[in-house]
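Below are the chains, spelled out letter by letter.
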Amino acid sequence: MGIDGVASTIGIVAEEEDAGARLDRFLASHIETLSRARLQDLIRSGHVFRSTASGGAEPATDPNLKVRTGDSFKIEVPATEPYTVPAETIALKIVYEDESLIVIDKPAGLVVHPGAGNQSGTLVNALVAHCGDSLSGIGGVARPGIVHRLDKDTSGVMVVAKTDAAHRGLAAQFADHGRTGDLRREYLALVWGEPKPRSGRIETLIGRHPISRVKMAVVPDKGRTAITNYETKRTFRIPVGGAAAKGDWNNSILSSVVRCSLETGRTHQVRVHMAHVGTPIVGDALYGVGFKTKSLAFPKEAAEVFLGMKRQALHAQSLRFRHPITGKIEMFETPAPEDIAKLCKTLESLETKLSKN
């Protein structure tokens, strides 16, 4: 994909689950290293081709083109461009760094790359300041070095490519999602309720929400396969009202610490899947807003901690991949950040206190 200063070509074939999707969205769902805006530019400028029945290829210049099952597309990605994102001095928590890549622990609230409404103050601005002109240019002028993303309000481990060779190797692993390779991604989530069963595998189709354009959803027909494996590590049981004094622990609010590992990389995947099985992530204003009132049933000091959680309690805790240059398996893990740790500690203290009453 524009490797080492030269143009390259990507080939993608549409599967049954892709049928009916817009061309730009279809391509963006398969090519994580290129933004949808950049793909739209490539489409309109004649760099995307669809194979014809005669064996030839014709330009596909409309981003709104509906994809059909079996469509074969070729995307010609021009040589890497110098990025123009301004450098900004923003503190980074660096977990590991060498000449080829950098691993950071992204804080909640930090947008990954510039976009509509976020032209500055992003991770990319910080990376440009830290790495200078050493970042890979494959991601384009606005996304240098970016091979995968985390939501703005999700914290945790991210790897960024500093060279085009590293970008190519990492991008291939993220495209495979660990199905045949060494990539592993695990998230820590604090959810409402207790998953049933406590460990399991969630496999659905995820696509754009039919009404809300900012949401994703489990859809029966037109989504893309999404697979999340989960394991419940701890469940807190907090009796409500006078139930604790009566020894009635059945009348309790439940909240669980869940570890999720991904086999696919769909937008909002963990958040959508946890909500789908009835245990939305605490603090998730998009997929769990209806559960916010549960916090009010806690004693005042605990309710204040929960209501003060301004983002989803989701942390990308660990990331494993094969180093694209050395070939060594690398594994990085970071502890839960202060806000999630405080929530868990509050629940643990409250549970212990009430159990002694």
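Residues numbered from 1 in each chain as written. Predicted model: local features only at pLDDT ≥ 70, side-chain atom pairs only at ≥ 80, totals over all residues. Heavy atoms only, no water.

A few words now on the environment of isoleucine 94. With respect to the helices and strands, the residue isoleucine 94 is situated in strand S5 (residues 94-97). The exposure class of isoleucine 94 is partly exposed, given its relative accessible area of 34%. Taking the C-alpha atoms as reference points, isoleucine 94 and lysine 106, separated by 12 residues in sequence, lie 8.9 Å from one another. Once residues within four sequence positions are removed from consideration, isoleucine 94 is found in contact with Ile102, Val103, Ile104 and His130. (Helix = DSSP H or I, 4+ residues; strand = E, 2+ residues; numbered from the N terminus. Buried < 20%, exposed > 50% of the residue type's maximum accessible area, 1.4 Å probe, protein only. Contact = heavy atoms within 4.5 Å.)

What follows is about helix H5 (residues 269-276). Taken across its 8 residues, H5 has 6 buried, putting it largely inside the fold. Residues of H5 that are buried: Gln269, Val270, Arg271, Val272, His273 and Met274. On its buried face, H5 is in contact with strand S8 (184-192), strand S9 (199-208), strand S10 (216-218), strand S11 (224-239), strand S12 (252-262) and strand S13 (314-322). One or two steps after H5, the chain reaches glycine 278, where phi turns positive at roughly 90°.

With 90% of its residues at a pLDDT of 70 or more, the protein shows a mean pLDDT of 87. This stretch, residues 1-6, has a pLDDT under 50; its non-local contacts, to residues over four places away or in other chains, come to 26 contacts. (pLDDT = per-residue confidence, 0-100.)

What follows concerns the pattern of salt bridges. For the coordinates displayed, the defined rule picks out 22 salt bridges. Linking aspartate 71 and arginine 68 is a salt bridge whose minimum nitrogen-to-oxygen distance equals 3.2 Å. Given the relative accessible area of 6%, aspartate 71 is considered buried. One salt bridge in this structure joins glutamate 351 and arginine 234, with 2.6 Å as the shortest N-O distance. Within this pair, whereas glutamate 351 is found in helix H7 (residues 338-355), its partner arginine 234 is found in strand S11, the two being separated by 117 residues in sequence. Judged by relative accessible area, glutamate 351 falls into the buried class, the value being 15%. Residue arginine 234 is classed as partly exposed on the basis of its relative accessible area of 30%. (Salt bridge = Lys/Arg side-chain N within 4 Å of Asp/Glu carboxyl O.)

This part covers the layout of surface pockets. Within this model, the second largest pocket holds a volume of roughly 220 Å³. Gly283, Asp284, Ala285, Lys292 and Met309 are the residues nearest the centre of the second largest pocket, which is lined by 13 residues in total. When grouped by side-chain class, the residues that make up the lining of the second largest pocket number 7 nonpolar, 3 polar and 3 charged. (1 Å grid on protein atoms, 1.4 Å probe; cavity = no way out; pocket = protein on both sides within 12 Å on 5 of 7 lines; lining within 4 Å. Points joined across faces, edges and corners; volume = space filled by probe spheres on them. Nonpolar A, V, L, I, M, F, W, Y, C, P; charged D, E, K, R; others polar.)

On to the packing of helix H1 (residues 23-30) against helix H2 (residues 36-44). It is at 9 Å that the axes of H1 and H2 come closest, and there the two elements cross at 125°. Accordingly, the angle class assigned to the pair H1 and H2 is oblique. Helix-helix and strand crossings are classified by hand; for H1 and H2 the assignment is right-handed. Residues Leu23, Asp24, Arg25, Leu27 and Ala28 of H1 pack against Arg36, Leu39, Gln40 and Ile43 of H2. (Axes fitted to C-alpha atoms, helices over the stretch in contact; angles between N-to-C directions. Parallel < 35°, antiparallel > 145°, perpendicular 65-115°, else oblique. Left-handed = near helix turned anticlockwise from the far one by under 90°.)

The next subject is the nonpolar core. Ranked by size, the top nonpolar core spans 50 residues in total, and within it Leu190, Met274 and Phe298 carry the most contacts. In terms of nonpolar packing, the next biggest core, distinct from the first, is built from 18 residues, Ile10, Ile12, Ile43 and Val67 among them. (Core = buried A, V, L, I, M, F, W, Y, C linked by side-chain atoms within 4.5 Å.)

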